[in-house]
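Spelled out, the chains give:
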Amino acid sequence: MGGSGSRLSKELLAEYQANPFKERICRVFSTSPTRDRLSFEDFLDLLSVFSDTATPDIKSHYAFRIFDFDDDGTLNREDLSQLVNCLTGESEDTRLSASEMKQLIDNILEESDIDRDGTINLSEFQHVISRSPDFASSFKIVL
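This structure is a prediction, so every number in the text was calculated from the model and none was measured. (Residues numbered from 1 in each chain as written. Predicted model: local features only at pLDDT ≥ 70, side-chain atom pairs only at ≥ 80, totals over all residues. Heavy atoms only, no water.)

Observations regarding the side chain of Thr119
Where we set the bar: For helices the rule is a DSSP run of H or I covering at least 4 residues; for strands it is a run of E covering at least 2, with both sets numbered from the N terminus onward. Two residues qualify as a contact provided that any one of their heavy atoms is within 4.5 Å of a heavy atom in the partner residue.
Tracing the chain through its elements places Thr119 in the loop between α6 (98-112) and α7 (122-130). Those residues within four positions of Thr119 in sequence are excluded, and the remaining contacts are Thr74, Leu75, Asn76, Leu109, Asp113 and Glu124.

A word on the packing of aromatic side chains
Defined as follows: Here the aromatic set is Phe, Tyr and Trp, taking the six-membered ring for Trp, and pairing holds for ring centres within 6.5 Å; pairs whose planes are under 30 degrees apart are stacked, those over 60 apart are edge-to-face, and all others are tilted. Burial classes follow relative accessibility: with a 1.4 Å probe on protein chains only, a residue under 20% of its type's maximum area counts as buried, one over 50% as exposed, and anything between as partly exposed.
In the structure shown here, the tally under the stated rule is seven aromatic pairs. When the centroid spacing of 6.0 Å and the interplanar angle of 80 degrees are considered together, the rings of Phe67 and Phe125 count as edge-to-face. Taken together, the residues span a long stretch of sequence, with Phe67 in helix α4 (residues 56-67) and Phe125 in helix α7 at a distance of 58 residues. Under the relative-accessibility criterion, Phe67 is labelled buried at 15%. Classification of Phe125 by relative accessible area gives buried; the value is 9%. Considering the side-chain rings of Phe135 and Phe139, the 5.3 Å spacing of their centres and the 25 degrees angle between planes classify their relative orientation as stacked. You can call Phe135 buried: its relative accessible area is 11%. An aromatic cluster is present here, built from Phe29, Phe50, Tyr62, Phe135 and Phe139 joined pairwise through their rings.

A look at α4
Put simply, the rule reads: Working rule for helices: expected span equals 1.5 Å times residues minus one.
For α4, built from 12 residues, the straight-helix expectation of 16 Å at 1.5 Å per residue is met to within 8% by its first-to-last C-alpha distance of 16 Å. Those residues of α4 lying buried are Lys59, Ser60, Tyr62, Ala63, Phe64, Ile66 and Phe67. Check the buried side of α4 and you find it contacts α2 (22-29), α3 (40-49), α5 (77-88), α7 and α8 (135-138).

As for the environment of Ile141
As for its placement among the helices and strands, Ile141 is situated in the segment after α8. Each C-alpha atom, one on Ile141 and one on Leu122, is 22 Å from the other, the two residues being 19 residues apart in sequence.

With respect to the packing of α5 against α6
Note the cut-off: In this analysis, axes come from line fits to C-alpha atoms, helices being fitted only over the stretch in contact, and the angle between any two N-to-C directions falls in the range 0 to 180 degrees. Orientation is classified from the angle alone, with under 35 degrees giving roughly parallel, over 145 giving roughly antiparallel, 65 to 115 giving roughly perpendicular, and any other angle giving oblique. For a crossing to be left-handed, the near helix must be turned anticlockwise from the far one by less than a right angle; the clockwise case is right-handed. For this classification, Asp, Glu, Lys and Arg are treated as charged, while Ala, Val, Leu, Ile, Met, Phe, Trp, Tyr, Cys and Pro are nonpolar and the rest, including Gly, are polar.
At a minimum axis distance of 10 Å, the contact between α5 and α6 shows a crossing angle of 115 degrees. If you check the angle between α5 and α6, you find them roughly perpendicular. α5 and α6 meet at a crossing whose hand is right-handed. Residues Arg77, Leu80, Ser81, Val84 and Asn85 of α5 form the contact with α6, whose own contacting residues are Met101, Lys102, Leu104, Ile105, Asp106, Ile108 and Leu109. Taken together, the residues of the contact of α5 with α6 sort by class into seven nonpolar, two polar and three charged.

All quantities given are derived from atomic positions and should not be read as evidence of function.
Written out as structure tokens, the structure reads:
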């Protein structure tokens, strides 16, 4: 019995450690005053959101919070830049040039910023996610 639980814990930790958003995930799910560690209850909440049974609305809400790096309730150009850097990596080989980054963010805002205020709010984000049928199945922890 202990061997199975230990294997599961190691797999979860490996999955978490490999995630480019691990610091943001911790910050969003943590209830500690410094938001830098997860309690057991925080960890259970995290697992619930990343499970197959979580609704697309719940998943998109937490994805938005994870991607909102400055925690201001919107995804602005800086948030989007940090999001892209997390996905592509920040090494010389993978980092986008300034002009590529600007073009990509311009395209994202063109597609997503319905009210044209220069940011993406939760409603706009959820609208975009609703048009992406693979989002819910890809926003999970795979063991």
